[in-house]
Amino acid sequence: MTESGFTVRPARTSDVGPIRQLVEPLVQRRILLGKDAVVFYEAIQEFRVAVDASGNTIGCGALHVMWEDLAEVRTLAVVPQWLRKGVGHKLLTTLESDATELGLSRLFCLTFETEFFQRHGFFPMGEKSVEPDVYSEMLRSPDEGVAEFLDLARVKPNTLGNTRMLKLL
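Overview of the structure. Numbers given for residues are sequential positions, taken from 1 along each chain in its written order. Only residues with pLDDT of at least 70 get local features here, since the model is predicted, and only at 80 or more are side-chain atom pairs given and counted; chain-wide, interface and lining totals rely on the full set of residues. Based on all heavy atoms of the structure, the side-chain values leave hydrogens and waters out of the count.

Considering the environment of Leu 70
- On the secondary structure map, Leu 70 appears in strand 4 (residues 70-78).
- With 31 residues separating them in the primary sequence, Leu 70 and Glu 101 have C-alpha atoms 13 Å apart. Runs of E in the DSSP output that reach at least two residues are strands. Runs of H or I that reach at least four are helices, and both are numbered from the N terminus.

Overview of the side chain of Glu 96
- Turning to its location among the elements, Glu 96 is positioned in helix 3 (residues 87-101).
- Among the residues examined, Glu 96 registers a relative accessible area of 12% and is labelled buried.
- Those residues within four positions of Glu 96 in sequence are excluded, and the remaining contacts are Leu 107, His 120, Phe 122, Lys 167 and Leu 169. The cut-offs for exposure are 20% and 50% of the maximum accessible area for each residue type, with area from a 1.4 Å probe on protein chains only; residues under the lower value are buried, those over the upper are exposed, and the others partly exposed. For this analysis, residues touch if any pair of their heavy atoms sits within 4.5 Å.

A closer look at helix 1 (residues 16-28)
- Counted at 1.5 Å a residue, the expected span for helix 1 with its 13 residues is 18 Å, and the 18 Å between its end C-alpha atoms agrees.
- One fitted axis covers the seven residues ending at a residue, a second covers the seven starting there, and the bend at that residue is the angle between these axes. Of all the bends found along helix 1, the most pronounced is centred on Leu 22 and spans about 30°, while Pro 25, a proline, follows it within four residues.
- For helix 1, the full list of buried residues reads Val 16, Ile 19, Leu 22, Val 23, Leu 26 and Val 27.
- Where helix 1 is buried, its residues meet helix 2 (37-42), strand 2 (47-52), strand 3 (57-67) and strand 4.
- Just downstream of helix 1, Arg 30 is the residue with a positive phi angle, here 65°. Every helix has an expected span of 1.5 Å times one less than the residues it contains.

Describing the packing of aromatic side chains
- Two aromatic rings from Phe, Tyr or Trp, using only the six-membered ring of Trp, form a pair when their centres are within 6.5 Å; if the ring planes differ by under 30 degrees the pair is stacked, by over 60 it is edge-to-face, and anything between is tilted. Applying the stated criterion across every chain yields a total of 5 aromatic pairs.
- When the ring of Phe 108 is compared with that of Phe 149, the centres are 5.0 Å apart and the planes differ by 85°; the resulting orientation is edge-to-face. Taken together, the residues span a long stretch of sequence, with Phe 108 in strand 5 (residues 106-111) and Phe 149 in helix 6 (residues 144-150) at a distance of 41 residues. For the pair shown, Phe 108 and Phe 149 are each scored as buried.
- Their ring planes at 90° and their centres at 5.2 Å tell us that Phe 116 and Phe 117 sit as a pair that is edge-to-face. Each member of the pair Phe 116 and Phe 117 is classed as buried.
- Clustering of aromatic rings is evident, with ring pairs tying together Phe 116, Phe 117 and Phe 122.

Some words on the pairing of strand 4
- The element strand 4 is largely enclosed, with a buried count of 9 among its 9 residues.
- Bridge count between strand 3 and strand 4: 7 bridges; the pairing is antiparallel. Note that in strand 4 the partner of Ala 62 across the bridge is Arg 74.
- At least two bridges found by DSSP between two strands are what make those strands a pair. As consecutive antiparallel partners, strand 3 and strand 4 are separated by 2 residues.
- The sheet contact formed by strand 4 and strand 5 spans 3 bridges and is parallel. Counterpart to Leu 70 in the pairing with strand 5 is Arg 106.

Structural notes on the nonpolar core
- Counting residues in hydrophobic clusters, the biggest one holds 39 residues, and the most contacted among them are Ile 19, Phe 47, Cys 60, Val 73, Val 87, Phe 117 and Phe 122.
- Those elements that place two or more of their residues in this core are helix 1, strand 2, strand 3, strand 4, helix 3, strand 5 and helix 4 (114-119).
- At 6 residues, the largest contribution of residues to this core is made by helix 1.
- Beyond its immediate chain neighbours, meaning those up to four positions away, Phe 47 contacts Pro 10, Ala 11, Ile 19, Phe 40, Cys 60, Gly 61, Ala 62 and Thr 75. Here, the term nonpolar core denotes a set of buried Ala, Val, Leu, Ile, Met, Phe, Trp, Tyr and Cys residues that are joined through side-chain atoms within 4.5 Å.

Examining the sheet that holds strand 3
- With respect to topology, 7 strands assemble into an open sheet ordered 1-2-3-4-5-7-6, the strand pairing being mixed. Among the strands making up the open sheet, the edge pair consists of strand 1 (6-10) and strand 6 (123-124).
- Each axis is a line fitted through C-alpha atoms, taken for helices only over the stretch in contact, and angles between the N-to-C directions span 0 to 180 degrees. Packing against the sheet, helix 1 makes contact with strand 2, strand 3 and strand 4, and its axis sits at approximately 85° to strand 3.
- Contacting strand 1, strand 2, strand 3, strand 4, strand 5 and strand 7 (163-168), helix 3 crosses the sheet at an angle of about 30° to strand 3.

Geometry only, nothing functional implied.
In structure tokens:
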């Protein structure tokens, strides 16, 4: 346990239930997009969880690789009583470290929490996100996060009010 009273570790399949409980209130408030349990299980290796001294899940976040140099920070969430205590910061810096280890140079997020991400070096994206040949390849992905990154019309109803942000590593 760290002096802050929590640790961040790779998620396990047994963390799917607590992760879903953590994000469900944010899904209900339309801050995060809802996902079926199977989607969390399929992506569990992408997740990191923050746990308190009692082993309770107090935060989570995922790093989803989208292209050779690009990944999305997904499902970054912290329980209300642990907000502004460094949990989100530690989760994000851990995901950034994971991205660096994978050889990535850019991180994407779609968020309402622009101030938090700006404090961590993210900036609002412009219109052009990737080269035309990469764009045509990424269009083939069924992943909603890729569609959000590319700003496709079909996802716009789900992304209203969110800001597409990028960080260069």
